[in-house]
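Residue-level listing of the chains:
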Amino acid sequence: MYSFLPHTSIRAFFPFLGVLLACWILVLLLEFSQEKEMKKLVLLLLYAAVLGDIGISVNSLPYDYTATVDCLSQPLKPQYGGGIIVNPEFNTSLNGWLPFGYGNVIHKISESGNGFSVSHNRTLPYQSVSQKVYLHKNKHYTLSAWLQVNKGNVDVRAVFKTSNGFVHAGAIEAKSSCWSMLKGGITVNTTGPAELYFESNNTEVELWVDSVSLQPFTIDQWTAHHNDSISQVRKKMMKFQALDAQGNPLAGAKFSIYPIRPGFPFGSAINQDIIQNPDYQRWFASRFTVTTFENEMKWYDTEYSPGRVDYSKADAMLAFAKSHGIKVRGHNVFWDDPSTQMGWVQSLNSWQLHNAASARIRSVMQRYKGQVIAWDVVNENVHFNFFESRLGPDASNKFYRQAHKIDPNTLLFLNDYNTLEEPGDYNATPDRFIKRLKQIQSGTDARLAIGLEAHFGVPNIPYMRSALDTLASAGVPIWLTEVDVAGAGPNQAYYLDQILREAYAHPAVQGIVMWASWTPQGCYRMCLTNNQFQNLPTGNTVDNLIHTWNTKSQGLTANDGYFEAHLAHGDYEVEIHHPSLNSSSVHSFKVHPDFESEFKMQMKN
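A short tour of the structure in this document, coming up.

Rules used throughout
Residues numbered from 1 in each chain as written. Predicted model: local features only at pLDDT ≥ 70, side-chain atom pairs only at ≥ 80, totals over all residues. Heavy atoms only, no water. Patch = residues over 30% accessible without salt bridge, like charges linked within 9 Å, V, L, I, M, F, W, Y side chains within 5 Å. Areas by Shrake-Rupley, 256 points an atom, 1.4 Å probe, with all protein chains shown as cover. Salt bridge = Lys/Arg side-chain N within 4 Å of Asp/Glu carboxyl O. Lys, Arg positive; Asp, Glu negative; His and termini not counted. Charge placed at Lys NZ, Arg CZ, Asp CG, Glu CD. Helix = DSSP H or I, 4+ residues; strand = E, 2+ residues; numbered from the N terminus. Buried < 20%, exposed > 50% of the residue type's maximum accessible area, 1.4 Å probe, protein only. Contact = heavy atoms within 4.5 Å. Polar contact = N/O pair within 3.5 Å; in protein donor to acceptor, adjacent residues only side chain to side chain. Disulfide = S-S within 2.5 Å. Pairing = 2+ DSSP bridges. Core = buried A, V, L, I, M, F, W, Y, C linked by side-chain atoms within 4.5 Å.

Attention shifts here to a negative patch on the surface. On the surface, a cluster of negative charge is contributed by Asp 560, Glu 564, Glu 596 and Glu 598. In this structure, Glu 596 sits in the loop between strand 25 (584–591) and strand 26 (598–602).

What follows is the structure, given as structure tokens:
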């Protein structure tokens with residue numbers, strides 16, 4: 001029987017030796033130190049060294065956001081030095097590795113001297129190289145590995161066999177003649193042994209594996225990553241100087257800074273029920289800055305019968321949003337899922353469908369041109385291909401080109417599901433999403449963006465972060481566009497909190513919209529309020545996050561008249577009061593990554 005203790009304990013022992021050496025040096029310093037303050041300092045250092053070794057420090061291991069979809073001639077070094085993986089680069093043959101599923105695994109060395117594993121003569125999908133690890137319930141694990149096959153392009157998954165079943169941790173399309181990076185992640189429900197392996201339904205290929213890493217993070221470390229990222233990408237250090245009427249610095253002036261409007265777009269879908277419901281309108285407008293219409297802009301809603309186009313509901317909803325300064329995403333021009341097509345559309349021949357689609361895109365986009373901040377041009381085009389099957393393989397690409405001509409200044413989104421939610425969905429892996437995006441990009445100079453629907457069950461948070469890392473390599477804006485969590489149980493609000501925090505903290509995410517429009521009959525999968533617009537636990541989660549993400553500040557200016565505050569991006573008002581003056585001064589300003597960070601504010605006597 002394979003023991004899980006030896007390699008884990010040996011790897012853990014080497015860092016401990018370093019701590020012992022450091023402690024020994026500190027003890028010697030303590031022995032020969034004569035100064036009391038020096039002895040205190042040495043004791044503090046010794047204490048810190050011991051605490052750090054037992055894991056009390058939460059900031060000791062930063063997160064590596066790097067990922068790539070480029071296929072390379074040689075794999076990169078494993079992230080985190082491999083983490084808890086033994087022999088991650090196969091430098092010592094197959095030490096620490098085993099064949100999985102009675103497979104055949106050998107060690108090979110390339111002409112450049114790179115060692116890697118090869119699973120060959122495979123007869124079952126799961127026959128591959130594997131390694132046994134020990135996973136802890138209260139930790140997040142980030143996985144990366146470099147994969148290649150000996151012929152063609154083949155989908156490959158990373159899987160963990162645990163005591164509770166098999167858990168997908170990520171997938172990639174592996175290619176021949178170059179190495180592809182799989183980045184994923186996992187959490188487990190129970191502490192215990194597990195086994196990492198790789199699988200592919202194509203048993204005719206060899207699976208090559210190299211540069212494997214599995215890095216554990218405590219929940220405190222994961223949260224520290226959030227805080228560090230938010231500090232860098234969502235906030236900015238602002239500097240203000242209070243001046244008197246003569247332009248002289250005012251020391252001791254009191255600054256009170258209050259948020260007026262957040263800069264990060266955060267909102268929820270709405271539907272036609274909001275048009276005549278003041279309570280719904282008040283509840284919604286007091287919280288959100290962006291929305292998507294659930295159905296009212298879709299083709300099947302605006303032209304249910306051929307030639308009878310009705311935008312009255314969308315017009316009224318847009319008027320509501322404009323009156324409250326709420327931005328609107330245009331959702332959607334087309335939907336590529338065959339099941340969403342109206343009967344009259346399905347009955348059209350190719351020429352008739354071409355004409356109907358051309359009329360549709362002109363109609364909806366010309367009507368709302370310049371009034372929406374984004375268009376989901378062909379919804380779920382990664383998964384489905386209704387228009388391609390009827391109009392040819394370039395159909396959606398042509399739609400995007402036409403959309404750009406009609407509304408050239410608006411972001412055009414490729415919007416789809418399961419890229420964050422399901423690590424095992426080969427149809428929507430991050431690399432496949434980017435591949436489709438690049439196909440569209442090749443035919444247009446439009447500003448494209450990634451829309452991730454994010455319809456979650458139980459979220460795999462480490463995988464979600466890794467998927468965002470990979471998608472970020474495309475270099476285009478990323479939004480979560482339809483966030484919800486299935487089920488109304490006690491974990492729904494908790495999972496929603498996890499998802500929203502992860503999205504907000506990720507450097508590549510530029511906006512979040514939830515899929516939680518209210519109707520008297522209930523919501524699609526997740527409601528935020530009851531029918532009296534009193535918050536459900538999910539609504540409380542949202543309000544708590546809005547409060548947390550908003551920033552305000554108070555304080556007194558220094559002798560040079562300056563006051564500093566670390567503020568989230570957005571619009572603010574500041575009230576300045578000085579005890580020697582009879583009046584207060586109120587100013588408005590904006591915190592933005594591209595705007596100035598210092599303001600001089602003059603007060604009148």
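Before going further, it helps to examine the environment of Tyr 63. Structurally, Tyr 63 can be placed in the loop between helix 2 (36–53) and strand 1 (98–100). Using a relative accessible area of 9% as the deciding quantity, one classes Tyr 63 as buried. Between the C-alpha atoms of Tyr 63 and Gln 346, which are 283 residues apart in sequence, the distance is 49 Å. Once residues within four sequence positions are removed from consideration, Tyr 63 is found in contact with Tyr 80, Thr 142, Lys 183, Phe 217, Trp 222, His 225, Arg 465, Ser 466 and Asp 469. A polar contact of 2.6 Å, which involves the side chain of Tyr 63, links it to the side chain of Asp 469.

By the definition in use, this model includes two disulfides. Residue pairing for Cys 71: its cysteine sulfur links by disulfide to Cys 178, the two sulfurs lying 1.9 Å apart. Because the torsion about its S-S bond is 95 degrees, the bridge between Cys 71 and Cys 178 counts as right-handed. Of the two residues, Cys 71 sits in the loop between helix 2 and strand 1 while Cys 178 sits in the loop between strand 7 (165–175) and strand 8 (180–186), which places them 107 residues apart along the sequence.

A separate point is the pairing of strand 26. Burial along strand 26 is one-sided: Phe 599 and Met 601 are buried, while Glu 598, Lys 600 and Gln 602, pointing the other way, are not. Direction of pairing for strand 11 (residues 235–243) relative to strand 26: parallel, over a ladder of five bridges. The residue bridging Leu 243 from the neighbouring strand is Gln 602, located in strand 26.

What follows is about the nonpolar core. Counting residues in each nonpolar core, the largest one holds 92 residues, and the members touching the most others are Phe 266, Trp 375, Leu 480, Leu 500 and Ile 512. Excluding residues within four positions of it along the chain, Leu 480 makes contact with Leu 420, Leu 452, Ala 454, Met 464, Ala 503, Val 509, Gly 511, Ile 512 and Val 513. In this structure, Val 105, Ala 158, Phe 160 and Leu 196 belong to the second largest nonpolar core, which totals 30 residues.

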